[in-house]
Amino acid sequence: MAGISSESLAAAQEKLEAMLPGATLTLAEELFGILGLLDSDAGLLRALTDPAREASAKAALVSKLVGGKVSTDAEQLVASLVESRWRTARDLGDALETLGATVVSAVAENKGPGLAGLEALENDLFRFNQAVAANHEVQRALQEPQASASAKATLAQKIVPGMGAEAKVLVTQAVTAPRGLRPAALVARFAELVAGRQQRWIAEVQSSRPLTQEQQKRLQSSLNGLYGRELKINVNVDPAILGGIRVTVGDEVVDSTVTTRLTELRRKLAV
């Protein structure tokens, strides 16, 4: 996804983020259900992504279709999606799929403690793909056009006993509505989203020399306070940065290295 579609997805993700602390798997299932509705009706999908149509008219169409049938959060999210602009109709569906998977990841994240919930979800998805890769009969069964969605979902859960509720939602979506992909490929894509969510809990620290236990303790306390959660800290020594530290948490970078300050000084002198 690129260009205007990428910007529209980013805006929707920002709106979703405010809902995630109290989100449940029901919200994800509602979003996946609406995705199925759109994928089954090409005319409806075109109407909802038509750039010539008023955004308010498209939002009204969403309300007419799903109002009272899904939660207010689900309806508002989909309305915000259709009010945005999309490079292709497929991009809208991909965005809705991403939002659904993000909700599932957040539910696992909220279970905690720390990374535990996300790691359990990632492990379940990995176990599923391992089981599928090891059995050609299962691969054929999951891609059999004549097989019912319920039969595929039952088979998927059978080959990975003990799978958590969050993984069941994502795996069921992958085997019943792969949207042109192999189920395992879609599960791998979901796993990438989970891994991205995990990065919010990991602080990658680069330092010019090893940190003492006391320094690590102070850094841990400061970062936990800054981000409001118990981060896992990975410290890597890199003499090239000369002095100071660089901390990366998700997409955020806090840089106090000598190298960066010298570069900034050279830039100012060159002006």
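Residues numbered from 1 in each chain as written. Predicted model: local features only at pLDDT ≥ 70, side-chain atom pairs only at ≥ 80, totals over all residues. Heavy atoms only, no water.

1. Here we look at the overall build of the protein
Logical step 1: Within the protein one finds 13 helices and 4 strands.
Logical step 2: On the principal axes, the C-alpha backbone points of the protein span a range of 60 × 50 × 30 Å.
Logical step 3: Buried residues in the protein amount to 41% of all 271 residues.
Logical step 4: Accessible surface, the protein as shown: approximately 14200 Å² in total, 53% of it carbon and sulfur.
Logical step 5: If you average the places of the 30 positive and of the 31 negative side-chain charges in the protein, the two averages end up 2 Å apart. (Helix = DSSP H or I, 4+ residues; strand = E, 2+ residues; numbered from the N terminus. Buried < 20%, exposed > 50% of the residue type's maximum accessible area, 1.4 Å probe, protein only. Areas by Shrake-Rupley, 256 points an atom, 1.4 Å probe, with all protein chains shown as cover. Lys, Arg positive; Asp, Glu negative; His and termini not counted. Charge placed at Lys NZ, Arg CZ, Asp CG, Glu CD.)

2. Brief notes about the nonpolar core
Logical step 1: Grouped together as the largest cluster of nonpolar side chains are 63 residues, with contacts concentrated most on Leu31, Val103, Leu125 and Phe128.
Logical step 2: In terms of residue count, the dominant contributor to this core is helix α6 (residues 89-111) (10 residues).
Logical step 3: Beyond its immediate sequence surroundings of up to four residues, Phe128 is in contact with Leu142, Ala156, Ile159, Val160, Val171, Val175 and Val187.
Logical step 4: Ranked by size, the runner-up nonpolar core spans 10 residues in total, among them Leu219, Leu223, Tyr227 and Leu231. (Core = buried A, V, L, I, M, F, W, Y, C linked by side-chain atoms within 4.5 Å. Contact = heavy atoms within 4.5 Å.)

3. A word on the pattern of salt bridges
Logical step 1: Taken as a whole and assessed by the stated rule, the structure comprises 14 salt bridges.
Logical step 2: For Asp91, the salt bridge identified is with Arg87, shortest N-O distance 3.8 Å.
Logical step 3: Asp91 gets classed as buried once you look at its relative accessible area, which sits at 4%.
Logical step 4: Salt bridges here are not isolated pairs; linked through shared partners, they connect Asp39, Arg90, Asp94, Glu97, Arg179 and Arg189. (Salt bridge = Lys/Arg side-chain N within 4 Å of Asp/Glu carboxyl O.)

4. Considerations on the sheet that holds strand β4 (residues 252-255)
Logical step 1: Here 4 strands make up an open sheet; going across it, the order is β2-β1-β3-β4 and the pairing mixed. The open sheet is flanked by β2 (232-237) and β4, the only strands paired with a single partner. Across the sheet, the mean angle separating the axes of adjacent strands is 15° when strand polarity is ignored. (Pairing = 2+ DSSP bridges. Axes fitted to C-alpha atoms, helices over the stretch in contact; angles between N-to-C directions.)

5. So, the confidence of the model for the protein
Logical step 1: When pLDDT is averaged along the protein, the result is 92; 95% of the residues meet or exceed 70.
Logical step 2: Element-level pLDDT for the protein is lowest in helix α13 (residues 258-270), with a mean of 63, against a maximum mean of 98 in helix α10 (residues 165-176). (pLDDT = per-residue confidence, 0-100.)

6. What about the side chain of Asn129?
Logical step 1: Positionally, Asn129 belongs in helix α7 (residues 116-133).
Logical step 2: You can call Asn129 buried: its relative accessible area is 19%.
Logical step 3: Sequence-distant contacts of Asn129, defined by excluding residues within four places in its chain, comprise Ala184, Val187 and Ala188.

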